[in-house]
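Descriptive analysis of the structure
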Amino acid sequence: AETLLQTEQDKYENEAIALLEKAYKDTDQYRFKMRVGDVKMKQMNRQLRDLRAAIKKSPDDAGLIQQQADVTEKKLQFELAEYIPLRYQLGARLLQAKEYDEAIAAFQDAKTDPKHKAMSLAALGLCYVAKEWYDEAIETLRDGVESHPLADDRIGMDLRYKLMDAL
């Protein structure tokens, strides 16, 4: 994969992406998934660079300008999808370090990811309790209880216990 990536040509990079995705699927090692994201971002950056150069040559070309806007939006959405799961991990570390304000910001971002929503709301509730913001804690934890469909799994029970503590 690394040899294919050195070519900096989409065709070979896409082959490398396929190899890295297979490696991630086979091994469940996150570093392969991260590498795929890095390569895709690199491709979008190269595409934007090429579009900017083309726009410099033809500044009145509305098609190129629209294409640049589309690629920029696509890149932003991709980056958000790649980085939001990491925000939960960052928030967890900040909570552990008792950096509550920074943890709150990270968990606010992470709760937009459906996969991390319930856990982020539970952690946000903890942050609010630590800051003695009980109304916010109760509201956040109730939202977590309502948004998590299972009452008797680990996350559901955790949300309910944290809500009882906050109350």
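Anything mentioned here points back to the structure above.
Procedures and definitions
Think of each chain on its own: its residues are numbered from 1, step by step along the sequence as written. In view of the model being predicted, local features appear only for residues whose pLDDT reaches at least 70, and side-chain atom pairs are presented and counted only at 80 or more, with totals across whole chains, interfaces and linings using the full set of residues. Based on all heavy atoms of the structure, the side-chain values leave hydrogens and waters out of the count. Aromatic pairing here means that ring centres of Phe, Tyr or Trp (its six-membered ring) are within 6.5 Å. Orientation follows from the plane angle: under 30 degrees is stacked, over 60 is edge-to-face, and everything else is tilted. Under the DSSP-based scheme used, a helix requires at least four consecutive residues in state H or I and a strand at least two consecutive residues in state E, with every element numbered from the N terminus. Burial classes follow relative accessibility: with a 1.4 Å probe on protein chains only, a residue under 20% of its type's maximum area counts as buried, one over 50% as exposed, and anything between as partly exposed. Note on contacts: a residue pair qualifies if any of its non-hydrogen atoms lie within 4.5 Å across the two residues. Axis definition: a line fit to C-alpha positions, over the contact stretch in the case of helices; interaxial angles, taken between N-to-C directions, run 0 to 180 degrees. Should an angle fall under 35 degrees it is taken as roughly parallel, and over 145 as roughly antiparallel, whereas 65 to 115 is taken as roughly perpendicular and any remaining angle as oblique. A crossing counts as left-handed when the near helix is turned anticlockwise from the far one by less than a right angle, and as right-handed when that turn is clockwise. Note that patches include only residues with greater than 30% relative accessible area and no salt bridge, and the join distances are 9 Å for like charges and 5 Å for nonpolar side chains (Val, Leu, Ile, Met, Phe, Trp, Tyr). The method behind every accessible area is Shrake-Rupley, applied with a 1.4 Å probe, and residues are considered shielded solely by the protein chains displayed. The term salt bridge refers to a side-chain nitrogen of Lys or Arg lying within 4 Å of a carboxyl oxygen of Asp or Glu. Definition of nonpolar core: a set of buried residues of the types Ala, Val, Leu, Ile, Met, Phe, Trp, Tyr and Cys, connected through side-chain atoms within 4.5 Å. Multiplying 1.5 Å by the helix residue count minus one yields the expected span of that helix.

A word on the packing of aromatic side chains
Enumeration according to the criterion identifies two aromatic pairs in this entry. Ring plane angle 55 degrees and centroid distance 5.6 Å describe the contact between Y88 and F107, whose orientation is recorded as tilted. Note that Y88 is positioned in helix α4 (residues 62-96) and F107 in helix α5 (residues 100-110), a separation of 19 residues in sequence. Exposure class is identical for Y88 and F107. Each is buried.

What to know about the environment of Y30
Among the structural elements, Y30 can be located in helix α3 (residues 30-57). With a relative accessible area of 33%, Y30 lands in the partly exposed category. If near-sequence neighbours (up to four positions away) are discounted, Y30 is found in contact with Y24, E82 and L86.

Re the packing of helix α2 (residues 10-27) against α3
Two numbers describe how α2 lies on α3: the axes approach to 8 Å, and their chain directions differ by 160 degrees. With respect to each other, α2 and α3 are oriented roughly antiparallel. Crossing hand, α2 versus α3: left-handed. Along its contact with α2, which presents D10, E13, N14, I17, L20, E21, A23, Y24 and T27, the element α3 presents Y30, F32, K33, R35, V36, V39, K40, K42, Q43 and R46.

With respect to a nonpolar patch on the surface
A cluster of nonpolar side chains, namely Y30, M34, Y83 and L86, defines an oily patch on the protein surface of about 360 Å² accessible area. Mapped by element, the contributors of at least two residues to the nonpolar patch are α3 and α4. The residue L86 is located in helix α4 in this model. For L86, a relative accessible area of 34% translates into the label partly exposed.

Some thoughts on unusual backbone geometry
Not every positive phi belongs to a glycine, and E8 is a case in point at roughly 55 degrees. Assignment of secondary structure puts E8 in the loop between α1 (2-5) and α2. Given a relative accessible area of 45%, E8 falls into the partly exposed group. The backbone of K98 sits at a positive phi, close to 60 degrees, despite the residue not being glycine. Tracing the chain through its elements places K98 in the loop between α4 and α5.

Looking at the nonpolar core
In this structure, L95, A103, F107, L124, C127 and L159 are the most contacted members of the largest nonpolar core, which totals 22 residues. Of all the elements in the fold, those that place two or more residues in this core are α4, α5, α6 (117-130), α7 (134-147) and α8 (154-166). Judged by nonpolar contacts, the second largest core, of nine residues, contains A16, F32, V36 and V39.

Points about α8
Compared with the 18 Å implied by 1.5 Å per residue over 13 residues, the 18 Å span of α8 between its first and last C-alpha is a close match. Against α6 and α7 lie the buried residues of α8.

What to know about the pattern of salt bridges
Counted under the stated rule, the structure contains eleven salt bridges. For E79, the salt bridge goes to K75, with nearest N and O atoms at 3.1 Å. Within this pair, E79 and its partner K75 are both found in helix α4, separated by four residues, close to a single helical turn. For K75, a relative accessible area of 15% gives the class buried. R87 is the partner of D109 in a salt bridge, and the nearest nitrogen-oxygen pair spans 3.1 Å. One end of the pair, D109, is in helix α5; the other, R87, is in helix α4, with 22 residues separating them in the sequence. Accessibility expressed as a relative area gives 36% for D109, which makes it partly exposed. On the basis of relative accessible area, R87 is assigned to the partly exposed category, the value being 27%.

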